[in-house]
Amino acid sequence: MSVDDRSDAEIVAAVLNGDDNAYGVLVARYQSAYLRYATRMLNSQDDAEDALQSAFIRAYRNLASCRDPKRFGSWLQKIVVNECRTVGARRTRRELRFDSRPATLDGLPAKGARPEDGLVEEIQSALHRLPTDQREAFLLRYVEDLGYEEMSELTGAGISALKMRVKRACEAMRVSLEGVVS
Amino acid sequence: MREIDDMNDDMDGALDQFARDAARPLREPVHVTEGFYAQTMAAVRRSDVPAPAMFGARTIRVTPFVALGLAAVLIAVALGSAMIGRNSALKSVNLASGAAVAAPVVVAHDTIHIVRFQLAAPGAHTVALVGDFNDWSKDAIVLKPAEKPGVWTASVPLTSGRHEYAFIVDGQRWVADPYALTHRDEYNVESSVIRVGESDS
């Protein structure tokens, strides 16, 4: 991987003209930023990388439908958000299905195992106890630093609903993290 | 920087400040694991090439239900052709067979499933995945240690359908997946079977 100064729009055009390798520039450019969101959302880097890989493939195959290549990053982010929802829902079903197995092989923490002590883990744990829509709204607002208009575009939810989700998420987090975050 | 009209009136200042403080540690970067970029690009190259916006062939999105209907129509057309063609029995069989295969392929090409393979192999030094999807090459897909100790993992994009696979531990030990259906080949070697896209697992 090397630094590539081309804009997203130029790279998208190159890929659509048959330059597969150019897509690697976009992967390198966005993988870390969106992995952070996916990891926070799914509370598992393995699941997050699955979601992200799937999002990159889906974006590649549908690249021609990216109407504004200058905003490729936002378009990809929407796909990442959706993939995280899909992976999260699938994992819930998987947990239900495999919960009785003596030795789970699904990459989830073993029952009774605590995540490593640490502030990030405690906050992440509190975050993970939130309903999916509230967790998503909290992350987009306070970690990704998006405005409500952008959040609405990404999630398909109305601004009023998003504000309510953020508020409820913050209230629940404050209870969970009392004494941990001042 | 946020605009004034982007504020959440439902939140008081203290709650907003708490949220900012709680979010700060979560903003720390998360780094992709080694091999993520290479695996992603390999999967991209195996994927359908994106079509230009206005020209060329485009992938048609159909639901499995529609695809089955399409397959039925194509088979009916093919069988109809066979009935009409009096001295082309062999040709009509080929037509029917081709039609039956062709319609589901639309779905298979349109859907790539990211399948996570995992094996608990504490003490192993390397674990590789071999299968019909990589021509049984033990160098093509190398598993990495998962978050759970002793567990190895690899995520592989697969098309819909039935696939056979096995794990190679430390470069020489052939291990079938203990949680999958198994299949024995003509040499009595046991492999595992996964059906992708037939149930949401």
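Residues numbered from 1 in each chain as written. Chains lettered and ligands numbered in written order. Predicted model: local features only at pLDDT ≥ 70, side-chain atom pairs only at ≥ 80, totals over all residues. Heavy atoms only, no water.

(A) Looking closely at the side chain of His163(B). Residues and elements named next belong to chain B. Within the secondary structure layout, histidine 163 lies in strand E6 (residues 161-169). Histidine 163 sits in the buried class, given a relative accessible area of 10%. Of note is the side chain of histidine 163, whose polar atom sits 2.9 Å from the backbone oxygen of threonine 159. If sequence neighbours within four positions are ignored, histidine 163 has contacts with Asp132, Phe133, Leu158, Ser192, Val193, Ile194 and Val196. (Helix = DSSP H or I, 4+ residues; strand = E, 2+ residues; numbered from the N terminus. Buried < 20%, exposed > 50% of the residue type's maximum accessible area, 1.4 Å probe, protein only. Polar contact = N/O pair within 3.5 Å; in protein donor to acceptor, adjacent residues only side chain to side chain. Contact = heavy atoms within 4.5 Å.)

(B) Representation of the sheet that holds strand E4 (residues 144-145) of chain B. Within the open sheet, the three strands sit side by side as E1-E5-E4 (chain B). Their pairing is antiparallel. Across the chains shown, the open sheet's two edge strands, defined by having one partner strand only, are strand E1 (112-120) and E4 of chain B. Pairing analysis gives nine bridges linking E1(B) to strand E5 (residues 151-159) of chain B, with the strands arranged antiparallel. Residue Phe117(B) lies in a different strand from E5(B), and its bridge partner there is Ala154(B). Relative to the sheet, helix H3 (residues 45-61) of chain A contacts E1, E4 and E5 of chain B, its axis offset from that of E1(B) by approximately 155 degrees. (Pairing = 2+ DSSP bridges. Axes fitted to C-alpha atoms, helices over the stretch in contact; angles between N-to-C directions.)

(C) Region of interest: unusual backbone geometry. Residues and elements named next belong to chain B. Even without glycine at this site, aspartate 135 takes up a positive phi of about 55 degrees. Inspection of the secondary structure assignment puts aspartate 135 in the loop between strand E2 (127-131) and strand E3 (141-142). Since its relative accessible area comes to 67%, aspartate 135 is described here as exposed. Backbone geometry at aspartate 170 places phi at a positive 50 degrees, although glycine is not the residue there. Its place among the elements puts aspartate 170 in the loop between E6 and strand E7 (173-175).

Read these as layout, nothing more, since geometry by itself doesn't imply function.
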